[in-house]
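One-letter residues, chain by chain:
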Amino acid sequence: MKIHEKSFAGVGRLTPYLVWAAEGWSPDEIKARVISILRPYFNNPSVVTNLPVAVLGFEAVFIDRIQGDPWAVSMLTGVLSEYRAALSQNQQASIEALTAWDDKIARAVAEFYSLYLMEVDKVELELDEFRLEILRIIGGLLEACIQPHLRALLHQVRVRRSTRGDKAHLESLKFGEVVEELSRTLRVQGLLAPPPWNVKMHIFRNIAQHHSASIRNDRIVCNYRAGQHTHQIEFSRSDMLALAQRLQQVLGILRTARTIFYLDNIAKIENESTSAIRPDIAFLFFTVGIATQGFEVVALDISGSIAHLQVQDVTNGDALDRGVHASQFLVELWAHCQTPQVRVSYLDRSGQIRLVADANSTDCEDIVEGRTPFEALAARVVFKTHTGCSKSSI
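These lines cover the structure that appears in this document, whether it is placed above or below. (Residues numbered from 1 in each chain as written. Predicted model: local features only at pLDDT ≥ 70, side-chain atom pairs only at ≥ 80, totals over all residues. Heavy atoms only, no water.)

Focus on helix α8 (residues 91-100)
Piece 1. Considered for burial, the residues of α8 that qualify are S94, I95, A97 and L98. End-on view of α8: buried residues confined to an arc of 160°, all on one side of the axis.
Piece 2. Tucked inside the fold, the buried residues of α8 contact α7 (70-89), α9 (102-118), α10 (127-161) and α14 (237-264). (Buried < 20%, exposed > 50% of the residue type's maximum accessible area, 1.4 Å probe, protein only. Helix = DSSP H or I, 4+ residues; strand = E, 2+ residues; numbered from the N terminus. Arc of directions from axis to C-beta. Contact = heavy atoms within 4.5 Å.)

As structure tokens, then:
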């Protein structure tokens, strides 16, 4: 099993949880903040309260970050209202439509994660290479990530409108046909042709796929056909980057609305989803949960019979107490890695290793399977204290 370093190294950049913890927020205060962000968007607030923070950690960050963008907020509430209107129109059909796309959405998440792993710093790229790279990203976002969400949304719109709603027919539609139908029937306007360009998404997809863009006078010139006519749209380097960021925001809107609706109605879903989540994506959620506790994952080594996780404290808490707290990650580490032995090394804020905790697979499995209560973990863990050795000496 291999976990890419980006599955844990970017959490501090992607979320504010480590910053909040470093400022003195307790895990309970961080959870309360997450709940306060999410609660207005749920019809069933108890869902938010009862779920681990990591489950909705990225949704909370996304919603918090778009609060200064009225367009994005209105799109999120509008898409969510489409799902809820379909549920009101025909609950059974809406839930069936929701779960019918689980595999496609899981695949879209995996595709987005691959785009994230492959992303490179674009600052040093010449304009022509920048054009090629940014269109690769835009094409991937639209074709592999946004398109499945739009088909799933159209399914709900058809349920609301009591029109043909079988998945097979929706899958047979061209991307442009999906966009055009949603443009006519979606009650929230503007999602399919985001401002300020107001060009429909499938056109940008076609530009990316057909490589119909060139450089002219330090501008990126994109050509596309609409009906019988050929059109051009010009971008500066910064404008093209802003387009990619806006499309990523659209993906966040679609993903967040669907996730909220899914969890809000989880009690109505009879069959639990069997869609597999990529191991490195699941590990990313694990590291987000760790961050909400005030720890940063600084290293992961899976070699031979042992998985070794190193976490560094961003707080000034008591080293022994915080080290024991960190040892609680052993069970979930084993659940991800399934090695005969797991180890968590706790580093204090200065980077000194202060406590190392080891557990074996049998004890972890007993806890995961419910044969042993989680509270019994501490009695089964082997602790080794370090008073001042550095990370490199272990």
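A word on the nonpolar core
Piece 1. Membership of the largest hydrophobic core comes to 96 residues, with the highest contact counts inside it found for L150 and L191.
Piece 2. Take this core: its biggest share by element is 15 residues, from α10.
Piece 3. Filtering out sequence-adjacent residues up to four positions away, L150 remains in contact with F175, V178, V179, L182, L192, M201 and L254.
Piece 4. Residues F286, L309, V342 and Y346 belong to the second largest nonpolar core, which totals 29 residues. (Core = buried A, V, L, I, M, F, W, Y, C linked by side-chain atoms within 4.5 Å.)

Let's talk about the environment of F283
Piece 1. Along the chain, F283 falls in helix α15 (residues 279-292).
Piece 2. Relative accessible area serves as the criterion here: at 0%, F283 is assigned to the buried category.
Piece 3. Sequence-wise, F283 and I3 are 280 residues apart; in three dimensions their C-alpha atoms are separated by 7.6 Å.
Piece 4. Leaving out residues up to four positions away in the same chain, F283 has contacts with I3, S7, F8, L300, L309, L333 and H336.

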